[in-house]
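For reference, the chains in residue letters:
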Amino acid sequence: MKSFMNENFLLSNQTAELLYHNYAKNMPIIDYHCHLNPREIAKNRRFENITRVWLEGDHYKWRLMRANGIDEEYITGDAEDREKFFMWAKTLEKCIGNPLYHWSHLELQRYFGYNGILSEKTAPEVWELCNERLDNPDMCARELIKKSNVHLICTTDDPIDSLKWHEEISQDNSFDVMVLPTWRPDRAFTIDSPAFCDYLLSLGEVTHLKISSFQTLCLALKRRMGFFQEHGCCISDHSFSHIPWKPCSEEDAEAIFSKVLDERPVSFEERMQFETALLTFLGKQYHKLGWAMQLHYGVKRNNNQRQFKRLGPDTGFDSIGYSAPLNELADFLNELSLTNELPKTILYSLNPNDNAILDTIIGCFQDDSAIGKIQHGSAWWFNDHYDGMRDHLSSLAANGVLSNFIGMLTDSRSFLSYTRHEYFRRILCELIGEWVEEGKYPNDREMLSKIVTDICYNNAVKYFRFSVCGGELCHTGMYELYQSELWG
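The model shown is predicted, which means the values in this text are computed figures rather than measured ones. (Residues numbered from 1 in each chain as written. Predicted model: local features only at pLDDT ≥ 70, side-chain atom pairs only at ≥ 80, totals over all residues. Heavy atoms only, no water.)

Some points on the overall build of the protein chain
Alright, step 1. When its secondary structure is counted, the protein chain shows 20 helices and eleven strands.
Alright, step 2. Against the 2.2 N^0.38 benchmark of 23 Å for 488 residues, the protein chain shows a C-alpha radius of gyration of 23 Å, consistent with a compact globule.
Alright, step 3. In terms of principal-axis extent, the alpha carbons of the protein chain reach across some 70 × 55 × 45 Å.
Alright, step 4. In the protein chain, buried positions account for 57% of the 488 residues.
Alright, step 5. When contacts within the protein chain are restricted to residue pairs at least 6 apart in sequence, those whose partners lie at least 24 apart make up 76%. (Helix = DSSP H or I, 4+ residues; strand = E, 2+ residues; numbered from the N terminus. Rg over C-alpha atoms; globule rule 2.2 N^0.38 Å. Buried < 20%, exposed > 50% of the residue type's maximum accessible area, 1.4 Å probe, protein only. Contact = heavy atoms within 4.5 Å.)

As structure tokens, then:
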């Protein structure tokens, strides 16, 4: 019997052990999609105790605590931090088979030097040990990033954001990890939201425009894209229940926008038309800028309306949605491809039933403009567990070119979540090791090491056009080519 989470955790054969320890383990991290707060990086936040760094904002853990019958007072309520931690420990010991059991213990090992088992019984000693460790200077936000061997982070930012914290970070020579913004214009699509018109006012203020038409909305977003590009942005991100595809003319888009400004109701079909028109416009701009477009979909949000009204979004009440209508996704990609304006695109479906379909769709739109131009993004959210990662990697390998995959991301608000990269890398090496040991791929160390190191790091650097400048990563942008069009 293997000991719990030893150095060969998840590595079931000799080839896997060799690939992980010799190649994957020490590769740097490119975290190209996360939800870290750039202010906390700029201010180099320190954490008062383990609850603040571990449970604050972590709806993954909150869901498990609710499933264990824990009162909300100890989850998002006003209970003492110590009590919240003890309730998490009481819950965790029951979570056999859940990835949070592994992630939590990896974090305790890597950041706090604790190799025991967290449970209700051991909670007091772990509480004291972790809090004592957090008092050390090397446990602030920036040092946690650096000791995780992170080279670059892309946060998630609204078009109206001033990016002041990104500016502050970039001007601080004492911190050598690049932190770039990611363009996330979800609120520009929410025409059925009571807050939409207020958002237009805010967008108008930062772009010096009166947004009175669909055309001026597009111009405002275009100006903000130029601003984001100037700050190093090279990735966009969108979240949908499914990818919209209901083509409409410019005249129809203007008519729908006018209805919204007049506070008249719009139909579901009109909303789809608006979203299609706006996403198509943005996709073409991304192509012009050389940005990658991330499309996240397949989630059903805010299912528990009573709790949503009480606690707000992103608090643990979302679920996997039905398998999305992927014909529409293919038609959307085709629309951009027809005029050779399809940007590099990363597709993430929350529904694992979509894996094979996605892998066949991306194969229809690859070309010589980029290696692996269309990507099937890493197993996301409810799928970033052992089986979900293996299923995703196996499907991608069976239907495409796994060696060109751009690898793992954290999709997290936690500064301790970089152990997810370790978890992924162990699973990757185990799966490849199995294929080699079963005679399904040659036992060629040179080829195997390149596949592993490329997926862990190199492919992402090339895909997003990051380069080494003076020994540090930077992004080779296209802002100068775009800037002249913004203020005409």
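A look at the pairing of strand S8 (residues 344-349)
Alright, step 1. Along S8, six of the six residues are buried, which leaves the element largely enclosed by surrounding structure.
Alright, step 2. The two faces of S8 match: Lys344, Ile346 and Tyr348 on one face and Thr345, Leu347 and Ser349 on the other face are all buried.
Alright, step 3. Of the pairings in the sheet, the one linking strand S5 (residues 292-297) to S8 comprises six bridges and is parallel in character. Of the residues in S8, the one forming a bridge with alanine 292 is lysine 344.
Alright, step 4. One ladder, built from three bridges, connects S8 with strand S9 (residues 374-376); its direction is parallel. Bridge assignment links isoleucine 346 to a residue of S9, and that residue is glutamine 375.
Alright, step 5. For the segment spanning S8, helix H16 (residues 355-362) and S9, crossover handedness is right-handed. (Pairing = 2+ DSSP bridges. Right-handed = clockwise from strand over helix to strand, strands pointing away.)

Quick look at the sheet that holds strand S4 (residues 235-240)
Alright, step 1. With respect to topology, four strands assemble into an open sheet ordered S4-S5-S8-S9, the strand pairing being parallel. For this open sheet the edge positions go to S4 and S9, each flanked by a neighbour on one side alone. Averaged over all pairs of adjacent strands, the angle between their axes in this sheet comes to 15°, without regard to strand direction.
Alright, step 2. Seen against the sheet, helix H15 (residues 326-338) touches S5 and S8 and runs at an angle of roughly 165° to S5. (Axes fitted to C-alpha atoms, helices over the stretch in contact; angles between N-to-C directions.)

Topic: the sheet that holds strand S1 (residues 29-31)
Alright, step 1. Judged by pairing direction, the sheet is parallel, and its three strands sit side by side in the order S1-S2-S3 without closing on themselves. One side of each edge strand has no neighbouring strand; the edge strands of this open sheet are S1 and strand S3 (178-180). On average, each strand axis in the sheet is tilted by 10° relative to the strand beside it, whichever way the strands run.
Alright, step 2. Taken together, the three bridges between strand S2 (residues 150-154) and S3 define a ladder with parallel strand orientation. Bridged to leucine 152 within S3 is methionine 178.

Overview of the nonpolar core
Alright, step 1. Ranked by size, the top nonpolar core spans 150 residues in total, and within it Tyr32, Ile153, Leu217, Leu278, Leu329 and Phe464 carry the most contacts.
Alright, step 2. The element best represented in this core is helix H19 (residues 445-463), accounting for nine residues.
Alright, step 3. Setting aside anything within four residues of it in sequence, one finds isoleucine 153 in contact with Asp31, Cys34, Leu36, Ile41, Ile145, Val177, Met178, Val179, Leu180 and Tyr418. (Core = buried A, V, L, I, M, F, W, Y, C linked by side-chain atoms within 4.5 Å.)

Observations regarding the packing of helix H1 (residues 14-24) against helix H18 (residues 419-437)
The description of two helices packed together rests on the angle between their axes and the distance between the axes.
Alright, step 1. Between H1 and H18, whose axes approach to 7 Å, the crossing angle comes to 140°. In this view, H1 runs oblique relative to H18, as classed from their interaxial angle. In the packing of H1 onto H18, the handedness of the crossing is right-handed. Contacts from Gln14, Thr15, Ala16, Leu19, Tyr20 and Ala24 in H1 reach Glu422, Arg425, Arg426, Cys429, Glu430, Ile432, Gly433, Val436 and Glu437 in H18.
Alright, step 2. Here the residues of the contact of H1 with H18 are counted per class, giving seven nonpolar, three polar and five charged. (Parallel < 35°, antiparallel > 145°, perpendicular 65-115°, else oblique. Left-handed = near helix turned anticlockwise from the far one by under 90°. Nonpolar A, V, L, I, M, F, W, Y, C, P; charged D, E, K, R; others polar.)

Details of the confidence of the model for the protein chain
Alright, step 1. Counting all residues, the mean pLDDT for the protein chain is 94, and 95% of those residues have values of 70 or more.
Alright, step 2. Long-range and interchain partners of residues 478-484, a stretch whose pLDDT sits below 50, account for 14 contacts in this model, where long-range means more than four residues apart. (pLDDT = per-residue confidence, 0-100.)

Some words on a negative patch on the surface
Alright, step 1. On the surface, a cluster of negative charge is made up of Asp71, Glu73, Asp78, Glu80 and Glu83.
Alright, step 2. Along the chain, glutamate 80 turns up in the loop between helix H4 (59-67) and helix H5 (81-92). (Patch = residues over 30% accessible without salt bridge, like charges linked within 9 Å, V, L, I, M, F, W, Y side chains within 5 Å. Areas by Shrake-Rupley, 256 points an atom, 1.4 Å probe, with all protein chains shown as cover. Salt bridge = Lys/Arg side-chain N within 4 Å of Asp/Glu carboxyl O. Lys, Arg positive; Asp, Glu negative; His and termini not counted. Charge placed at Lys NZ, Arg CZ, Asp CG, Glu CD.)

Observations concerning the pattern of salt bridges
Pairing between side chains of opposite charge can happen when their charged atoms approach one another.
Alright, step 1. Enumeration over the complete set of coordinates arrives at 28 salt bridges.
Alright, step 2. The residue aspartate 158 makes a salt bridge to arginine 187 at a minimum N-O spacing of 3.1 Å. Within this pair, whereas aspartate 158 is found in the loop between S2 and helix H9 (164-170), its partner arginine 187 is found in the loop between S3 and helix H10 (196-207), the two being separated by 29 residues in sequence.
Alright, step 3. Its relative accessible area of 16% is what places aspartate 158 among the buried residues.
Alright, step 4. Arginine 187 sits in the partly exposed class, given a relative accessible area of 41%.
Alright, step 5. Note that aspartate 262 is salt-bridged to arginine 264, the shortest N-O span being 3.5 Å.
Alright, step 6. By sharing partners, the salt bridges in this structure join Glu40, Arg45 and Glu56 into a single network.

Details of H1
Alright, step 1. All buried positions along H1 are accounted for by Thr15, Ala16, Leu19, Tyr20 and Ala24. The arc enclosing the buried residues of H1, seen along the axis, measures out at 125°, which places them on a common side.
Alright, step 2. The backbone nitrogen of threonine 15 has a side-chain oxygen 3.3 Å away, supplied by the residue at the start of H1, namely asparagine 13. (Arc of directions from axis to C-beta. Polar contact = N/O pair within 3.5 Å; in protein donor to acceptor, adjacent residues only side chain to side chain.)

Regarding the state of the cysteines
Alright, step 1. As enumerated under the stated definition, the model contains zero disulfides in all.
Alright, step 2. Of all cysteine sulfurs in the structure, the one in cysteine 218 sits closest to cysteine 248, which takes part in no disulfide; the separation is 11 Å. (Disulfide = S-S within 2.5 Å.)

Focus: helix H11 (residues 214-230)
Alright, step 1. Given a rise of 1.5 Å per residue, 17 residues ought to cover 24 Å, and the 25 Å separating the end C-alpha atoms of H11 matches this to within 8%.
Alright, step 2. Remark: glycine 232 follows H11 within two positions and exhibits a positive phi of approximately 90°. (Expected span 1.5 Å × (residues − 1).)

Notes on the packing of aromatic side chains
Alright, step 1. On inspection of all chains with the given rule, the structure shows 22 aromatic pairs.
Alright, step 2. Seen from their ring centres, phenylalanine 189 and phenylalanine 240 are 5.4 Å apart, and the 90° between their planes marks the pair as edge-to-face. Here phenylalanine 189 is found in the loop between S3 and H10, whereas its partner phenylalanine 240 is found in strand S4, with 51 residues between them in sequence.
Alright, step 3. With a centroid separation of 5.0 Å and 10° between ring planes, the pair formed by tryptophan 381 and phenylalanine 382 is classed as stacked. (Phe/Tyr/Trp six-rings, centres within 6.5 Å; stacked < 30°, edge-to-face > 60°.)

Overview of unusual backbone geometry
Alright, step 1. At asparagine 149, a residue that is not glycine, the phi angle is positive and equals roughly 65°.
Alright, step 2. In this structure, asparagine 149 sits in the loop between helix H8 (141-147) and S2.
Alright, step 3. For asparagine 149, a relative accessible area of 29% translates into the label partly exposed.
Alright, step 4. Here leucine 163, not a glycine, exhibits a phi torsion of approximately 60°, which is positive.
Alright, step 5. Inspection of the secondary structure puts leucine 163 in the loop between S2 and H9.

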